[in-house]
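Observations on the three-dimensional arrangement
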Amino acid sequence: MRRLVLLSLLTSYVSPASGVDFSHQIVPILREHCAECHAGDKKKGGFSFNDRESLMGGSENGPVVITGKSAESPLIQAMLSSDPDEQMPPKGKRVPPAQIALLKEWIDSGVAWEEGFAFKKPAYEPPLLPRSPALPAAVEGRTHPIDRILDAQLAAKKQPLLKRANDSIFIRRVYLDLIGMLPTVKDLAEFEKNPDRAKLIESLLARDIDYTEHWLTFWNDLLRNDYGGTGFITGGRKQISNWLYQALITNKPFDQFVRELISPPNGESRGFIDGIKWRGDVSAGQTVEIQFAQSVSQSFLGINMKCASCHDSFIDRWKLSEAYGLAAIYAQKPLEIHRCDKPIGQTATAAWLFPEIGQIDAKLPPAARLKQLADLMTHPKNGRTTRTMVNRLWHRLMGHGIVHPVDAMQTAPWNADLLDHLATFLAENGHDLRKTLAHIATSEAYQAQSQVVTKGVDDHGYIYAGPRARRMTAEQFMDAVWQLTGAAPLKMDAGVLRGKVDIEKAKGIQVQGHWIWGDSAKPGSTPAAGETITLRKTFKLDTDPITASAVVTCDNSFILFVNNRKVSEGDDWTKLTVVPLHTALKKGANNITVIAKNAGNGPNVAGFYFDARLRDGTGQETLVNSDFSWQWSAKVPNTKEGRLGAFEAKDWKPVTLVKPVKSWENMLFTQGPLLLAQGADSFGHMIRASLLKADFLMRTLGRPNRDQIVSTRPNELTTLEAIDLANGSILADTIAKGATKLMADASGDLITPLYRHALSRDPNAAELATAKELLGDKPTQQGVEDLLWAVCMLPEFQLVR
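What this report covers is the structure whose coordinates are included nearby. (Residues numbered from 1 in each chain as written. Predicted model: local features only at pLDDT ≥ 70, side-chain atom pairs only at ≥ 80, totals over all residues. Heavy atoms only, no water.)

1. Observations regarding the overall build of the protein chain
Heads up, the rule is: Numbering of helices and strands starts at the N terminus; helices are DSSP runs of H or I of at least 4 residues and strands are runs of E of at least 2. Every radius of gyration here is taken over C-alpha atoms, with the globule rule written as 2.2 Å times N^0.38, N being the number of residues. When accessible area is computed with a 1.4 Å probe and restricted to protein chains, residues below 20% of their type maximum are described as buried, those above 50% as exposed, and intermediate ones as partly exposed. We call two residues in contact whenever any of their non-hydrogen atoms come within 4.5 Å of each other. Working definition of accessibility: Shrake-Rupley area with a 1.4 Å probe, residue cover restricted to the visible protein chains. Residues scored as charged are limited to Lys and Arg (positive) and Asp and Glu (negative), so that His and the chain ends carry no count. We put the charge of a Lys on NZ, of an Arg on CZ, of an Asp on CG and of a Glu on CD.
Regarding its fold elements, the protein chain presents 30 helices and 18 strands. Taking 801 residues into account, the globule formula puts the C-alpha radius of gyration at 28 Å, and the protein chain, at 30 Å, falls close to it. Dimensions along the principal axes, computed over C-alpha positions, put the protein chain at roughly 100 × 80 × 55 Å. With 801 residues in all, the protein chain has 53% of them scored as buried. Residue pairs in contact within the protein chain that sit at least 24 positions apart in sequence constitute 73% of those at least 6 positions apart. Counting only carbon and sulfur atoms, one obtains 53% of the accessible surface of the protein chain, whose full area is about 35,000 Å². Both charge centroids of the protein chain, one from 93 positive and one from 90 negative side chains, sit 3 Å from each other.

Given below as structure tokens:
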């Protein structure tokens, strides 16, 4: 009964799901049977469906399509009619029943339409060059550039200025938007004493770990990066997790961020352009070259190249040759063009989409072509990349893109001045994403009362009316529940080194490993050039480590395996490699195996160095360092798909401790403490959902599997999702743990602190009465669970308002 009541709280914002594909199912039907008389310039009977506005405008006799009511729509009635004077099409073959069924489903589910699509292409072409618009005069002292632009638009449409959201709504909104967490009861109390919104925004964006671990969700979706799933086990896909984490926590400038993804300086960021190497035979549209073209165009230009990767697109202007031109930039060998999976006898020429600002030299090798593309993508005259990025940020904070959907950047924005201003702001402020977020968040536009969009609202022809209430992401919801319950997991799945270099902490850290090698490094002997050996260390852990990281280097190169799985490699001994180990180590027996190689043209000094710091749930630190306890063998194992092959060396011997040369010591003492301090910085921070593999509950709440790029998640909760949410064991177990903890920690009122933490406000009289009824005279485990369920199932809790 309790779950039924809770489920009813969710049904106020659930929506049915539709599987109709407008581009590939509806457009071909209309084009084949109806376009001759009603598309382009044709308007027989006063009716045109050249674009959605025309379709919904109807004919001279009234509406042709009635949203949500296919049976009452004259379009369907005419297709089903047997009267020669009424039937459509009036001549030729009739529309097959299966196609009519698709049209009916399309109408019943809301008449979805690809934004900007028209059967006869409109003249609009997005500008390429950046533009700094003139700012209108300020209205009522609202001097922020964003407000000056939007207030002028509101005035032109004779709409009033938007009212400010109250402090309670604002603090919860800005916490969830900028760092993805709820303000604590203490945070709320401090803000109530000093409600300085600009200062709060600045302080939130300075919380490096919280900011980074929130925005990981956005970037993992957009760059299709994850911690498990298709391709990772077989080695056909590589994570960029640690590179991405470090890029966010150090606030890497966006232009440099893009360049390192397109033209990777090392293997850490290469997984984005390499895509997924599917096993077995794949279609032409699934090759890594075509994936590259689709990924860079969608992620950085907001252009959907999927149609053009198969044939000339009928949604926008992109051609098959252009998709293959992008793909050829990445290709390692000549790339044959395929149309609809069939070769056409032509070879693609590496080319960039906008030659006005430069072009790719197709004769250069792949690495050089990628560098040219990276430079063109971030060229100062390329306003499309910056417009795409700020449009994504605006959508993320405001609930609706300036160009919408955000991957339809070929369509006109609802306010070109606003889009151009934000793009120019990003470029002129060092491509600083945090500063751009602050610029949006400090505007009255962002801080206005939110617009709640109800089910079934036709969003075509969007009119700005302030920020929109949005559904929490799966990660935000889980983080919020864990904050309320104190039941967050203790170990993460992401292979990242959490935290940021802390110079003060580094002062108290000393490197403790030794340089080691085989017998050839004994006194009086020098390792030969090209000598390759295997090193190993075995040890036991009493518990799973909560955090674990190591600094590693080798003169000259190494491949590091932990429990037979490859975790790192390096070939530059002048730089320590920092390696997250928490996902590879486990309670019980562990083994570290290293394939180490010397280089040079003749005998020369060689050495391997390893220094790891492991921490359990209590903060107890365990050191694992390269020292005399390691062993070496002259036998070198085979490796395949990131794993060690069968390996039964019988000649394991104690390693030789190598006296470090001066250059080794200088490098080690300069870099080591800083990198080890970074690994220690994250202890005590709650494990966030963005650092975990998706479980059933997160998938229920809309987290994608990231085999494809996802730039927008569904904003509606379907009935099936609501049922899963209210009945799933994962959430039930979390709430049960939370109830136990709340009862143990409680020293008085449970209700008001819970409401203030969950909703950033006090409970009203009705809520207080209901909560007291749930708890009873003396709170019980079941009563506290019921209260937590009631709060977490509130639409107000699950929305960013």
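Read on for the rest.
2. So, the pattern of salt bridges
Applicable threshold: By salt bridge we mean one thing: a side-chain nitrogen of Lys or Arg within 4 Å of a carboxyl oxygen of Asp or Glu.
Scanning all chains against the criterion turns up 40 salt bridges. Put simply, R270 and D274 hold a salt bridge, and the shortest N to O gap is 3.1 Å. A relative accessible area of 26% places R270 in the partly exposed class. Across the pair E796 and R801 runs a salt bridge whose closest N-O atoms are separated by 3.9 Å. Its relative accessible area of 21% is what places E796 among the partly exposed residues.

3. Here's the deal with the nonpolar core
The test is simple: Only buried Ala, Val, Leu, Ile, Met, Phe, Trp, Tyr and Cys residues count toward a nonpolar core, and they belong to the same one when joined by side-chain atoms within 4.5 Å.
Among the nonpolar cores identified, the biggest contains 145 residues, and W219, W394, F477 and F797 are the most heavily contacted of them. Broken down by element, this core gets its largest block of residues, 8 residues, from helix α16 (residues 320–330). Setting aside residues up to four positions removed in sequence, F477 forms contacts with M472, L701, L725, L731, C792, M793, F797 and Q798. Listed in part, the 46 residues of the second largest apolar core include W515, I533, L535 and V624.

4. Thoughts on unusual backbone geometry
Of note, the amide linkage connecting M88 to P89 takes the cis form, showing an omega dihedral of -5°. Along the polypeptide, P89 turns up in the loop between α5 (74–80) and α6 (97–108). Although it is not a glycine, E140 sits at a positive phi angle of roughly 55°. Tracing the backbone shows E140 in the loop between α6 and α7 (145–156). E140 gets classed as exposed once you look at its relative accessible area, which sits at 72%. For K158, which is not a glycine, the phi torsion comes out positive at approximately 55°. Inspection of the secondary structure puts K158 in the loop between α7 and α8 (167–178).

5. Side note on the side chain of S520
Our working rule: The definition of a polar contact used here is a pair of N or O atoms within 3.5 Å, where within protein one atom must be able to donate a hydrogen and the other to accept one, and adjacent residues in sequence count solely through side-chain atom pairs.
Tracing the backbone shows S520 in the loop between β4 (515–517) and β5 (532–541). A polar side-chain atom of S520 sits 2.7 Å from a polar atom in the side chain of E531. Not counting residues up to four positions away in its chain, the partners in contact with S520 are S525, T526, P527 and E531.

6. Quick look at the environment of R270
As for its position among the elements, R270 is in the loop between α13 (254–262) and α14 (271–274). The spatial distance from the C-alpha of R270 to the C-alpha of Q239 is 8.4 Å, given a sequence separation of 31 residues. Sequence-distant contacts of R270, defined by excluding residues within four places in its chain, comprise I240, P264 and Y330.

7. What about a nonpolar patch on the surface?
For clarity, the cut-off: Patches here: salt-bridge-free residues with over 30% relative accessible area, like charges joined within 9 Å, nonpolar side chains (Val, Leu, Ile, Met, Phe, Trp, Tyr) joined within 5 Å.
A cluster of nonpolar side chains, V501, I503 and L674, forms an exposed patch at the surface whose accessible area comes to about 240 Å². Tracing the sequence through the fold places I503 in helix α22 (residues 503–506).

8. Side note on the side chain of D147
Among the secondary structure elements, D147 is positioned in helix α7. The buried charged residue D147 lacks any salt bridge partner; its closest oppositely charged side chain belongs to R142, at an N-O distance of 4.3 Å. The contacts of D147, once residues within four sequence positions are left out, are R142, A152, S443, E444 and A445.

9. Side note on the packing of aromatic side chains
The description of an aromatic ring pair rests on the distance of the ring centres and on the angle between the ring planes. Using the following cut-off: Aromatic pairing here means that ring centres of Phe, Tyr or Trp (its six-membered ring) are within 6.5 Å. Orientation follows from the plane angle: under 30 degrees is stacked, over 60 is edge-to-face, and everything else is tilted.
Scanning the entire structure with this criterion turns up 25 aromatic pairs. A ring pair is formed by Y211 and W215, whose centres lie 6.3 Å apart and whose planes are at 35°; its orientation type is tilted. One end of the pair is Y211 and the other is W215, both in helix α11 (residues 208–222) and 4 residues apart, which spans about a single turn. W215 matches Y211 in its accessibility class, with the two residues each being buried. On the basis of an interplanar angle of 50° and a centroid distance of 5.9 Å, the ring pair of F608 and W630 is categorised as tilted. A residue pair is termed long-range when its members are at least 10 positions apart, and F608 in strand β11 (residues 607–615) and W630 in the loop between β12 (621–625) and β13 (631–633) qualify at 22 residues. Taking relative accessible area as the criterion, F608 reaches 0% and is therefore assigned buried.

10. Concerning the environment of Y124
Turning to its location among the elements, Y124 is positioned in the loop between α6 and α7. Spatially, the C-alpha atoms of Y124 and T411 are 7.2 Å apart, while their sequence positions differ by 287 residues. Dropping the residues within four chain positions of it, Y124 is found in contact with Q410, T411, A412 and P413.

11. Some points on the pairing of strand β2 (residues 342–347)
Rules: For two strands to be treated as a pair, DSSP must find no fewer than two bridges joining them.
Burial of β2 is sparse: only 0 of the 6 residues sit out of reach of the surface. Where strand β1 (residues 336–339) and β2 come together, 3 bridges link them in antiparallel fashion. Looking at β2, one finds that H338 is bridged to P343. The hairpin formed by β1 and β2 contains 2 residues between the paired strands, and C340 there has a positive phi angle of roughly 50°.

12. A closer look at the environment of T436
Within the secondary structure, T436 is located in helix α20 (residues 433–441). Beyond its immediate sequence surroundings of up to four residues, T436 is in contact with V390, L393, F425 and L426.

13. A closer look at helix α18 (residues 383–398)
Rules: Every helix has an expected span of 1.5 Å times one less than the residues it contains.
For α18, which comprises 16 residues, the first-to-last C-alpha distance of 22 Å matches the rise-based estimate of 22 Å (1.5 Å per residue) to within 8%. In terms of burial, α18 is largely enclosed, as 16 of its 16 residues are buried. Residue G399 follows α18 closely and has a positive phi angle near 90°.

Read these as layout, nothing more, since geometry by itself doesn't imply function.
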